Amino acid sequence: MDIVDSSGVPASGEYLTFTLGKEEYGIDILKVQEIRGYEAVTRIANAPPFIKGVINLRGVIVPIVDLRIKFNLGEPTYDQFTVVIILNIGKRVVGVVVDGVSDVIQLNSDNLHPPPEFGSILDTRYILGLGTVDERMIIMVDIEQLMTSQEMALVESAAA
Amino acid sequence: MSIDMSQFYQVFFEETSEHLANMENLLLNLDVESPSLEDLNAIFRAAHSIKGGSGTFGFTDMTGVTHVLEGLLDRLRKEELTLRAEMVDAFLAAGDVLRAQLEHHQGGPDADQAAIDEICARLTQLATGEAPAAIHAEAPVPAEAPSRQWRLACVLPADVAASASAVDNLFAGLAEIAAVDIRHRPDAADGRLEALLTTSRAEGDIRDLLGFYLNPEDIQLREPEETAYGFFDAEPAAVAEEAYGFFEDPAPTASAADPGYGFFDDAPVAPEPAPAAVEEADGGFGLFEDAPGKPESLPDRSIQPGDSPAAIEGQGYGLFVNAPGGLGLFDNAPGMPDLGRAPIETAPATASPGPTAATPTAQPAAQPSPGRRLTDNPSIEVAKAGRRENDKTVIATGADTSIRVSVEKVDQLINLVGELVITQAMLAETASNLDPVQAEKLLAGIDLLSRNTRDLQESVMSIRMLPMSMVFSRFPRVVRDLAGKLGKQVEMKTIGENTELDKGLIEKITDPLTHLVRNSLDHGIETPEKRVAAGKNPKGTLTLKASHQGGAVVIEVMDDGGGLNRARILEKARERGLPVNDAMSDHDVWQLIFAPGFSTADVVTDVSGRGVGMDVVKRNIEGLGGKVELESSPGFGTRTVIRLPLTLAILDGMSVGVGGETFIVPITTVVESLQPRLDDIRTMAGDSRMMHIRGEYLPFIALSDVFGLPGVEDITRGLVVVVEGEEGKAAIFVDELLGQHQVVIKSLEANYRKVPGMSGATIMGDGRVAMILDVAAVIRLGLANAKRRVAA
């Protein structure tokens, strides 16, 4: 799948929303390759705790990141309801573990607000804005920026 | 219509490289004393194919060189000249020049023009030293032909002529290369096409273009000089019809008495072979445009009104030599006078039709049939022989059943099959839980599936396998050149060149092997005087050998030279401050020469002696998962043994379990595995553990410590795998041994990043991912861990 929009600018389009604990997040649906259930991973030695390990996705070795651990949200439980969103970022494939996938929503710039400037675990650099849909607040994440960032430790070159 | 030729460039590059390699190979194997005609023909064919290809794609510089090369080769294979050693040298040098030119066209640096000129001059001189008459035939093609007029007459096939758009395309295409003055536009009723073209392009270009529309042999291209072809104007239709008819139906339409008709005079004399020649010319198209004697290679002498008909004829003949089919026709005509000879060779305006036409055909016995008699004009011979060669090439291509596939596609196939194998293994595992009585058929099917997938995997893997001859074939040249430079006599032998190796390995093994061969020549094999003094054959032998041993490919480089000088190596090692002593085993001493910067050569030559090399060789080979060993005995020679895995994509591994995870230890690094006893483990400085195995103390590294896994603590319940990495042996402690597998190596970096201690990952039979250990890194990590603990 080709990445259509990598500008990082809040643009109207379709977003996939998922929950982490009680919070709802949205990511560009064009970055999503597939959604699948959680399966046993192979641990990677000496990796940060939020990197669960790698799985075999039809012959491709794909690292799995648990965003709940990364963001300190919700209980990192793994059962048949745990969902992994497989993302296609650049030429890489990465899986993220979330509590649940809720919806695909349309958002345009009207109901997208800039994120407030205060410190949080999730650096505002990676937040595109806050969206409102039916009184729910959805945190729009620039997933590509986040996944290739140094703190995710997923990409070699970004660490340099 | 114009076709973008650049899309075919890659194919041309590949084919030309192959032809060059093939040519070089043949040249090196050529026996100068009594060259086999077969080989000479094969070399000629290779040169000719390069020429044809480069001409088609407009790489005129290459065409120029091959043209000269071909001229000499042709005389050789016709036994007009005898092969001499300097000719072989010149051919090899020409091959190098061509390779440089090819690289230039592929975007490499400019080919050295001086070298090109030099080699052309050398070849021409070699060819003409005994036969000055061949000068014209071998003159290089001028880069830019002067603009001239062509008269084009042909009959388009009905289907082309009937399509207005096709005709438009044709004229548009012509307009791109020439100024077109349409005399008769073809239509459905009358397919005749007549036009005057003014262009600086070669005739071959026009023919190429027209070749897309009609049979090449139907194309009539001439210079419409009034004096030369006055009769064309007098009866234009007749010319087209007549000339055409000449090919199709050799009726005696032209009058033999009329000198103005030039070579057509002979048509009635040659009725029989004509249709046959036309038939034979099928597929000869690409070739003829390059036939020597074509207009570009003639001195661009425009026809003067005062020229005698013969001279014009000669020019005209030169044109006609180009005509695909036309050529075969004319010089095959029995009893055909040697028409082109006088004008082409001497080109005087004084030549008269009488004597030239009377010149009898020479060398009749050399030809298989009266219809294929040769004239003694070399340029015609080349052209004709060239056509015959082309016939052969066509046959050869027909018999050649291989296809070119990009490595990417093959790798994709290998990946897919790898997944299939995994899926099959998963199925088999699930099915093993079924009741064998109830699910008998299913289980039988799964059995069959597993057999089929295994076969499939093997065949797919074999696609990537290439014979070692791909590597070995380049060495005769290296050895020849180097031996000449060093003043040594060396004979090279290769054994087992059919041993197959993965393409990736083939590419990477070439450099280390070249280095070893150069080393053997420079340091190993002695000068002839020394060899005679030592009672050996003055001619040294260098042997390259490849063979399969178990799951590995073993490549050996052997020489019968002086062997390694133990005392000298030790002395040098001491000078360099390496820890050595006289009691070291030979094996350890030989390993010293793999140290960076180590050289025992007194003089640094451009061949070797700088001391960069053996360490690089060792590193490269270890990087491929292989090993290098040296054996040497003074006075008898040296043997370097390289062991390589069969492929880079598959690895033989031992799977071990630690804390519930599976790891793969590359089997090449495993020395042994054993169950440790508690009293084998000694501690050093309180915490660093050593293991005592048969007199050796090895660092004891628990994999669970290195990777922070909850492993077995009780040493007696686990197992120790003794591994050997770059930095020596170590005892790695694991929970259990799971088995031995062939695993497909998958990259971790593709989606993640490099993990310390891991060289990659693989997918096991149950679909889970297992990490492949990088043994050297694991040892380093383990030792660093121990140090940290000591420091803490």
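Residues numbered from 1 in each chain as written. Chains lettered and ligands numbered in written order. Predicted model: local features only at pLDDT ≥ 70, side-chain atom pairs only at ≥ 80, totals over all residues.

### Focus: the overall build of chain A
For step 1, the next point in the chain: Summing up its helical and strand segments, chain A has two helices and 11 strands in all.
For step 2, the next point in the chain: Along its sequence from the N terminus, chain A presents helices and strands in the succession β-β-β-β-β-α-β-β-β-β-β-β-α.
For step 3, the next point in the chain: Considering only residue pairs separated by 6 or more positions, chain A has 57% of its internal contacts joining residues 24 or more positions apart. (Helix = DSSP H or I, 4+ residues; strand = E, 2+ residues; numbered from the N terminus. Contact = placed C-beta atoms within 7 Å.)

### Side note on helix α23 (residues 503-524) of chain B
All names here are of chain B.
For step 1, the next point in the chain: Look at α23: 30 Å from first C-alpha to last across 22 residues, which is about the 32 Å you get at 1.5 Å a residue.
For step 2, the next point in the chain: Remark: the principal bend of α23, roughly 35°, maps to I509, with a proline, P512, within the next four residues.
For step 3, the next point in the chain: Among the residues of α23, those classed as buried are L505, I509, P512, L513, L516, V517, N519, S520, L521, H523 and G524. (Expected span 1.5 Å × (residues − 1). Bend = angle between axes of the 7 residues up to and from the residue. Buried ≥ 20, exposed ≤ 12 C-beta atoms within 10 Å, placed from the backbone.)

### Details of the packing of helix α1 (residues 9-29) of chain B against helix α2 (residues 37-57) of chain B
Residues and elements named next belong to chain B.
For step 1, the next point in the chain: Closest axis-to-axis distance for the α1/α2 pair is 9 Å, and the angle between their directions is 160°. Classed by the angle they form, the pair α1 and α2 counts as roughly antiparallel. Our pair here, α1 against α2, has a crossing hand that is left-handed. Of the residues in α2, those touching α1 at Y9, F12, E15, T16, H19, N22, M23, L26 and L27 are D39, A42, I43, A46, A47, S49, I50, G53 and F57. (Axes fitted to C-alpha atoms, helices over the stretch in contact; angles between N-to-C directions. Parallel < 35°, antiparallel > 145°, perpendicular 65-115°, else oblique. Left-handed = near helix turned anticlockwise from the far one by under 90°.)

### What to know about the nonpolar core
For step 1, the next point in the chain: By size, the foremost hydrophobic cluster in this structure holds 88 residues, and its most contacted members are V54(A), V65(A), V141(A), I701(B), L703(B) and I732(B).
For step 2, the next point in the chain: Once residues lying within four places of it in the same chain are set aside, the contact partners of I732(B) are I701(B), L703(B), V720(B), V721(B), V723(B) and V778(B).
For step 3, the next point in the chain: Membership of the second largest hydrophobic core comes to 37 residues, among which are V490(B), V517(B), M558(B) and I642(B). (Core = buried A, V, L, I, M, F, W, Y, C linked by C-beta atoms within 7 Å.)

### Concerning the pairing of strand β21 (residues 758-763) of chain B
For step 1, the next point in the chain: The buried fraction of β21(B) is high, at five of six residues.
For step 2, the next point in the chain: Hairpin connection, β21(B) to strand β22 (residues 769-773) of chain B: the antiparallel pair is bridged by five residues, and G767(B) has positive phi, about 90°. (Pairing = 2+ DSSP bridges.)

### Here's the deal with the interface of chain A and chain B
For step 1, the next point in the chain: Listed as interface residues are 21 residues of chain A and, on the opposing side, 24 residues of chain B.
For step 2, the next point in the chain: If you list the elements that add at least two residues to the side of chain A that touches chain B, you get β4 (51-57), β5 (60-66) and β7 (92-98) of chain A.
For step 3, the next point in the chain: No other element matches the four residues that β5(A) contributes to the side of chain A that touches chain B.
For step 4, the next point in the chain: Looking at the side of chain A that touches chain B residue by residue, the class counts come to 13 nonpolar, four polar and four charged. (Nonpolar A, V, L, I, M, F, W, Y, C, P; charged D, E, K, R; others polar.)

### Topic: the environment of V97(A)
For step 1, the next point in the chain: Here V97(A) lies in strand β7.
For step 2, the next point in the chain: Among residues more than four places away in sequence, those in contact with V97(A) are Y38(A), K52(A), I64(A), V65(A), D66(A), L67(A), R68(A), T82(A) and V84(A).

### Examining the sheet that holds strand β8 (residues 100-107) of chain A
Residues and elements named next belong to chain A.
For step 1, the next point in the chain: Here six strands make up an open sheet; going across it, the order is β8-β1-β2-β11-β10-β9 and the pairing mixed. The sheet is open, and its two borders are formed by β8 and β9 (112-113), each paired with just one other strand.
For step 2, the next point in the chain: Judged from the three bridges that link them, strand β2 (residues 23-28) and strand β11 (residues 136-141) form a sheet pairing that is parallel. What sits directly across from E24, in β11, is I138.

### Observations concerning the packing of helix α19 (residues 407-431) of chain B against helix α20 (residues 440-463) of chain B
Residues and elements named next belong to chain B.
For step 1, the next point in the chain: The N-to-C vectors of α19 and α20 enclose an angle of 160°; their axes lie 9 Å apart at closest approach. As far as their axial angle goes, α20 and α19 are roughly antiparallel. Here the hand of the crossing between α19 and α20 comes out left-handed. Between α19, through V410, L413, I414, V417, L420, V421, Q424, L427, A428 and A431, and α20, the contact on the second element is made entirely by L442, L443, I446, L449, S450, T453, L456, Q457, V460, M461 and I463.
For step 2, the next point in the chain: Per-class residue counts for the contact of α19 with α20 are 17 nonpolar, four polar and no charged.

### Brief notes about unusual backbone geometry
For step 1, the next point in the chain: The residue N46(A) is not glycine, and still its phi comes out positive at about 60°.
For step 2, the next point in the chain: In this structure, N46(A) sits in the loop between β3 (32-37) and β4.

### Some remarks on the sheet that holds strand β20 (residues 736-744) of chain B
Residues and elements named next belong to chain B.
For step 1, the next point in the chain: What the five strands build is an open sheet, ordered β20-β12-β13-β22-β21; its pairing is mixed. Looking at the sheet topology across the chains shown, the edges are occupied by β20 and β21. The mean inter-strand angle of the sheet, taken between neighbouring strand axes irrespective of direction, is 35°.

### Section: helix α22 (residues 475-486) of chain B
In an α-helix, one turn spans 3.6 residues; hence positions three or four apart end up facing the same way.
For step 1, the next point in the chain: With 12 residues, α22(B) extends 16 Å from end C-alpha to end C-alpha; this agrees with the ideal 16 Å at 1.5 Å per step.
For step 2, the next point in the chain: Directly after α22(B), the chain includes G487(B), whose backbone phi takes a positive value near 65°.

### Considerations on the environment of K78(B)
Residue and element names in this part refer to chain B.
For step 1, the next point in the chain: Here K78 is to be found in the loop between α3 (60-77) and α4 (85-105).
For step 2, the next point in the chain: Overall, the presence of 18 C-beta atoms within 10 Å leaves K78 in the partly exposed class.
For step 3, the next point in the chain: In sequence terms K78 and L37 are 41 residues apart; their C-alpha atoms lie 8.5 Å from each other.

### Observations regarding the confidence of the model for chain A
For step 1, the next point in the chain: Within chain A, residue pLDDT values average 79, and 86% of them lie at 70 or more.
For step 2, the next point in the chain: Counting interchain partners and residues more than four positions distant, the pLDDT-below-50 stretch residues 1-10 of chain A has 17 contacts. (pLDDT = per-residue confidence, 0-100.)

### Structural notes on the environment of D560(B)
Residues and elements named next belong to chain B.
For step 1, the next point in the chain: Summarising the element assignment, D560 is placed in the loop between β9 (552-559) and α25 (566-575).
For step 2, the next point in the chain: You can call D560 buried: it has 24 C-beta atoms within 10 Å.
For step 3, the next point in the chain: For the pair formed by D560 and K536, sequence separation is 24 residues and the distance between their alpha carbons is 9.2 Å.
For step 4, the next point in the chain: Dropping the residues within four chain positions of it, D560 is found in contact with G540, T541, F636 and G637.

### Describing the confidence of the model for chain B
Residues and elements named next belong to chain B.
For step 1, the next point in the chain: Mean pLDDT over chain B stands at 70; residues scoring 70 or higher make up 64%.
For step 2, the next point in the chain: Low pLDDT, under 50, characterises residues 130-145; the predicted model gives this stretch 43 contacts beyond four residues in sequence or across chains.
For step 3, the next point in the chain: In this model residues 225-398 is a low-confidence stretch, pLDDT under 50, and it forms 280 contacts with partners more than four residues away in sequence or in other chains.

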